[in-house]
Amino acid sequence: MVEPKIKKWSYFTAFILPCLVLYLLFFITPFFRGIGISLTNWDGLTQKVPMTLGKEEFELKILSRIENQSDADYVMSVYYLDENDNSYHRRAINGMKKYRLERIIRKTKYEPDAYRFVGLENYKKIFTGKSGGNFYPHTTKLQKYNKSSDLPGSIPRRTFEKEIARRLPKDSADGDLIKKAYSYSEASDSYRLSKEYDEFEITTPLWELDEVLVTKTVSENDIDSFVRNLKVIALGQDAYSIRKAAVDFIHLHSISDGSRDTVLSVADGMLEAGKLKIALSDNWVVKQRNMGVVGFTLFFAFFSVIGINVVAFALALALDTGLHGQKILRTVFFLPNVLSMIIVALIWNMLFVQLLPALTGVEKWISDPNKTPWLLVVVAVWQGAGYYMIVYLAGLQNIPTEIIEAAKIDGATGWQRFRFITIPMMIPALTISLFLTIANALKSFDLMYAMVGPTGYATGTVPLVYDIYFQAYSMKESGMATAKAMVLFLAIVLVTGIQLFLMKRKEVEA
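Residues numbered from 1 in each chain as written. Predicted model: local features only at pLDDT ≥ 70, side-chain atom pairs only at ≥ 80, totals over all residues. Heavy atoms only, no water.

Chemist: Got a sec to walk through unusual backbone geometry? Specific residues and values, please.
Modeler: Positive phi values are uncommon outside glycine, yet Asp 189 reaches one of about 50°. By the element assignment, Asp 189 lies in the loop between strand S6 (182-185) and strand S7 (190-193). (Helix = DSSP H or I, 4+ residues; strand = E, 2+ residues; numbered from the N terminus.)

Rendered as structure tokens:
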């Protein structure tokens with residue numbers, strides 16, 4: 001009886017105890033430290049023990065509050081006064097020396113402005129929607145045309161009627177101008193811009209002036225600069241300034257009387273084009289539903305989990321039928337999972353930016369807010385399905401063939417065998433696959449970071465982990481970011497816990 005006990009204790013000491021120590025050091029300790037940080041307004045840079053502090057503030061808020069003289073002497077051994085900037089600077093310390101200094105300063109109740117205890121304030125902001133305008137689903141106004149851009153030569157009929165014509169105020173000057181400038185063309189099923197407002201057509205006579213083609217006293221660069229200047233002035237709708245710019249151009253380049261009217265006519269035309277730009281910019285605005293960080297995280301988790309598991313299970317069923325080249329196909333399907341997510345993002349970005357626009361004629365893919373969330377789900381399914389295919393394939397191959405053969409003898413159809421034998425026997429594989437895909441989807445970061453980056457806020461494709469990263473490192477709000485991380489942790493534990501509980505019950509029933 002002694003030997004088994006010695007073996008048990010030796011196994012515990014050699015294997016279990018080191019794991020518990022590592023678990024304590026690298027999970028429990030950082031977890032509770034994270035809870036503490038989530039209750040502060042820490043900016044991620046400021047230290048509790050200041051590196052530099054003004055002389056008056058240091059002596060008033062720290063030194064005067066230290067009751068123990070030995071502690072005061074220790075603090076003064078660590079800090080030194082710099083007469084040049086009249087402030088105290090901390091010497092480089094670490095380990096137990098730094099821990100002692102933190103303990104002493106903690107007793108003084110000194111708190112830097114960027115590292116103060118705020119209690120549950122961060123959590124209140126998260127649950128009341130005050131942690132950021134893009135955190136929860138919301139409606140935004142999207143300006144489809146920027147007045148600094150060239151006027152669109154044509155607008156598809158459905159787009160013009162749905163997004164512009166319907167929203168134009170009745171009997172308004174802007175509405176009359178837009179309807180006058182754009183007329184419907186049956187040939188192209190679009191509204192085309194009138195030549196009267198086309199800047200290219202308006203400015204073409206400038207390039208045909210005798211001073212440009214014959215005498216060459218005016219260079220092409222001069223014309224180009226003049227046109228750019230007219231475009232800028234036209235957006236300000238200042239008739240006097242645009243006429244003055246035209247007159248100055250005439251005098252500067254000694255434009256002949258025959259060409260003078262052409263230059264003035266171009267200036268007037270550009271003024272009208274500028275007026276149309278402003279009208280189109282003000283009225284081509286559509287309301288767009290933005291899923292926000294939480295909405296997109298749930299959207300991506302739901303559809304990617306379903307997509308990955310359905311595709312993986314279907315591939316496993318196909319490969320389990322004894323297809324020729326089964327090993328090669330298994331390798332091909334598993335290969336995307338081996339690739340780095342950065343490589344995956346580069347491959348699919350090339351498809352969305354270069355190949356698909358050339359094949360389909362649709363220019364916007366990954367930059368279209370309506371398509372981007374679904375495209376990210378497609379990429380995630382393509383990259384992840386191969387791994388879970390292996391899990392499902394292993395589960396299928398563990399189903400005893402005797403049970404399948406007995407069901408065939410009893411006259412069970414293929415669907416009956418699948419429903420009453422295959423599915424119940426696959427519950428363990430389904431349990432682990434759902435657990436992993438749910439947890440990974442809720443923690444997704446690298447795919448969105450590589451494919452959309454910060455522009456994801458505009459397209460509504462920022463997951464919670466990326467929002468945490470952005471808030472901590474770009475906005476310098478590590479306290480709030482840590483609070484969001486704690487909420488995400490609890491959400492993952494809750495969702496996966498419920499999933500495991502329900503699936504384990506299914507296993508027992510099966």
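That shown, we press on.
Chemist: Describe the packing of aromatic side chains, with residues and values.
Modeler: Evaluated as defined, the whole model comprises 34 aromatic pairs. When the centroid spacing of 5.0 Å and the interplanar angle of 85° are considered together, the rings of Phe 135 and Tyr 136 count as edge-to-face. Overall, Phe 135 belongs to the buried group, its relative accessible area being 5%. Accessibility expressed as a relative area gives 28% for Tyr 136, which makes it partly exposed. Here Phe 296 and Phe 299 contribute two aromatic rings whose centre-to-centre distance is 6.4 Å and whose plane-to-plane angle is 25°, an arrangement assigned as stacked. One end of the pair is Phe 296 and the other is Phe 299, both in helix H13 (residues 292-319) and three residues apart, which spans about a single turn. (Phe/Tyr/Trp six-rings, centres within 6.5 Å; stacked < 30°, edge-to-face > 60°. Buried < 20%, exposed > 50% of the residue type's maximum accessible area, 1.4 Å probe, protein only.)

Chemist: Residues and numbers for helix H11 (residues 239-252), please.
Modeler: A rise of 1.5 Å per residue sets the reference length of H11, with its 14 residues, at 20 Å; its end C-alpha atoms lie 20 Å apart and thus fit the reference within 8%. Residues Ile 242, Ala 245, Ala 246, Phe 249 and Ile 250 constitute the buried set of H11. Seen from one end, H11 has its buried residues packed into an arc of 135°, which puts them on one side. In this structure, H11 carries Tyr 240, His 251 and Leu 252 as exposed residues pointing more than 90 degrees from its buried face. For H11, the secondary structure elements touched by its buried residues are helix H10 (220-235) and helix H12 (257-283). The N-terminus of H11 is capped by Asp 238, whose side-chain oxygen sits 3.2 Å from the backbone nitrogen of Tyr 240. Directly after H11, the chain includes Ser 254, whose backbone phi takes a positive value near 50°. (Expected span 1.5 Å × (residues − 1). Arc of directions from axis to C-beta. Contact = heavy atoms within 4.5 Å. Polar contact = N/O pair within 3.5 Å; in protein donor to acceptor, adjacent residues only side chain to side chain.)

Chemist: Go over the environment of Tyr 88, please, and point to the residues and values.
Modeler: Relative to the assigned elements, Tyr 88 resides in strand S3 (residues 87-90). Classification of Tyr 88 by relative accessible area gives buried; the value is 5%. Sequence spacing of Tyr 88 and Lys 55 is 33 residues, and the spatial spacing of their C-alpha atoms is 5.9 Å. Of note is the side chain of Tyr 88, whose polar atom sits 3.1 Å from the side chain of Glu 59.

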